[in-house]
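Here are the chains, one letter per residue:
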Amino acid sequence: MEVTFVRVDSRLIHGQVSTAWVHHTGVNRLMVVNDKAAHDSMERALLNMAKPRNIRVLNVLTIKQAVEMIRNDTGKDKVMIIARTPHDVKGLVDGGVAITELNLGNMPPKEGKIKFEDTVYADEEEIAALKAMADAGISIYAQTTPVGSKSSLNARLQG
């Protein structure tokens, strides 16, 4: 498998992912990586219903399962990883998954979160995970849709 695109989006699979990002990236497989979603049969069922028709396979996996699958799958699928939080992606990176870019989609506001962009808010723990990934050379940017503006966050994370 080829990991083509990695996105953090609290909503996981929804309209922007199903239409815009899937088409833009040309992926044929989605991998949702989030421990809670992987253990929730209702959420897995809802994600399967939201899967676009042109997506051949949807995996809903824990971080550990995703690391193993990425390591061992020798198929030719083009995969989009969608994670609910920066911690999910950092878990992949810590597990040895090579990620060069990270798209931040929707990370909603909550008390104690700092605003980075209109749709990207992060708390101290999420910022620490993002900083660690930026320090590891991963390009981190906010972009809601493929035609929307792309805002690099690396300088702000390293500052």
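Our subject is the structure that appears above.
Below you will find a few notes about this structure. Keep in mind it's a predicted model, so treat the numbers as computed, not measured.

Another point: the nonpolar core. Ranked by internal contacts, the top residues of the largest apolar core, which has 32 residues, are Met31, Leu92, Leu102, Leu104 and Ile140. Aside from chain neighbours lying at most four places away, what touches leucine 104 is Val8, Val120, Leu130, Ile140, Tyr141, Ala142, Gln143 and Leu153. Membership of the second largest hydrophobic core comes to 17 residues, among which are Val17, Val22, Leu47 and Met80.

Hydrogen bonds along the backbone pair up the strands of a sheet, which may run parallel or antiparallel. Spatially, 7 strands are ordered E3-E2-E4-E1-E5-E8-E9 in an open sheet, and the strand pairing comes out mixed. Each of the sheet's edge strands pairs with one partner strand only, and the pair in question is strand E3 (57-61) and strand E9 (151-152). By the bridge criterion, 5 bridges tie strand E2 (residues 29-33) to strand E4 (residues 78-83) in an arrangement that is parallel. The partner of valine 32 across the bridge, within E4, is isoleucine 82.

The next thing to look at is the packing of helix H4 (residues 63-72) against helix H5 (residues 86-94). Axes are the key here: two packed helices are described by the angle between their axes and the distance separating the axes. For the pair H4 and H5, the least separation of the axes is 9 Å and the interaxial angle reads 40°. Taken together, H4 and H5 sit at an angle that is classed as oblique. As for the relative orientation of H4 and H5, their crossing is right-handed in sense. Between H4, through Ile63, Ala66 and Val67, and H5, the contact on the second element is made entirely by His87, Asp88, Gly91 and Leu92. Residue composition of the contact of H4 with H5, by class: 4 nonpolar, 2 polar and 1 charged.

Here the focus is the environment of leucine 46. Within the element layout of this structure, leucine 46 appears in helix H3 (residues 41-50). Residues leucine 46 and alanine 155, 109 residues apart in the sequence, show an inter-C-alpha distance of 37 Å.

This next bit is on the packing of aromatic side chains. The full count for this structure, using the stated rule, is 1 aromatic pair. Between phenylalanine 5 and tryptophan 21 the ring centres are 4.6 Å apart and the planes differ by 20°, which places this aromatic pair in the stacked class. Note that phenylalanine 5 is positioned in strand E1 (residues 2-8) and tryptophan 21 in helix H1 (residues 15-25), a separation of 16 residues in sequence. Of the two residues, phenylalanine 5 and tryptophan 21, neither departs from the other in class, the shared state being buried.

A few words now on a nonpolar patch on the surface. A grouping of Met42, Leu46 and Met49 is seen on the molecular surface, where their side chains present a nonpolar patch of about 360 Å² in accessible area. Relative accessible area serves as the criterion here: at 47%, leucine 46 is assigned to the partly exposed category.

Definitions and limits used
Residues numbered from 1 in each chain as written. Predicted model: local features only at pLDDT ≥ 70, side-chain atom pairs only at ≥ 80, totals over all residues. Heavy atoms only, no water. Core = buried A, V, L, I, M, F, W, Y, C linked by side-chain atoms within 4.5 Å. Buried < 20%, exposed > 50% of the residue type's maximum accessible area, 1.4 Å probe, protein only. Contact = heavy atoms within 4.5 Å. Pairing = 2+ DSSP bridges. Helix = DSSP H or I, 4+ residues; strand = E, 2+ residues; numbered from the N terminus. Axes fitted to C-alpha atoms, helices over the stretch in contact; angles between N-to-C directions. Parallel < 35°, antiparallel > 145°, perpendicular 65-115°, else oblique. Left-handed = near helix turned anticlockwise from the far one by under 90°. Nonpolar A, V, L, I, M, F, W, Y, C, P; charged D, E, K, R; others polar. Phe/Tyr/Trp six-rings, centres within 6.5 Å; stacked < 30°, edge-to-face > 60°. Patch = residues over 30% accessible without salt bridge, like charges linked within 9 Å, V, L, I, M, F, W, Y side chains within 5 Å. Areas by Shrake-Rupley, 256 points an atom, 1.4 Å probe, with all protein chains shown as cover. Salt bridge = Lys/Arg side-chain N within 4 Å of Asp/Glu carboxyl O.

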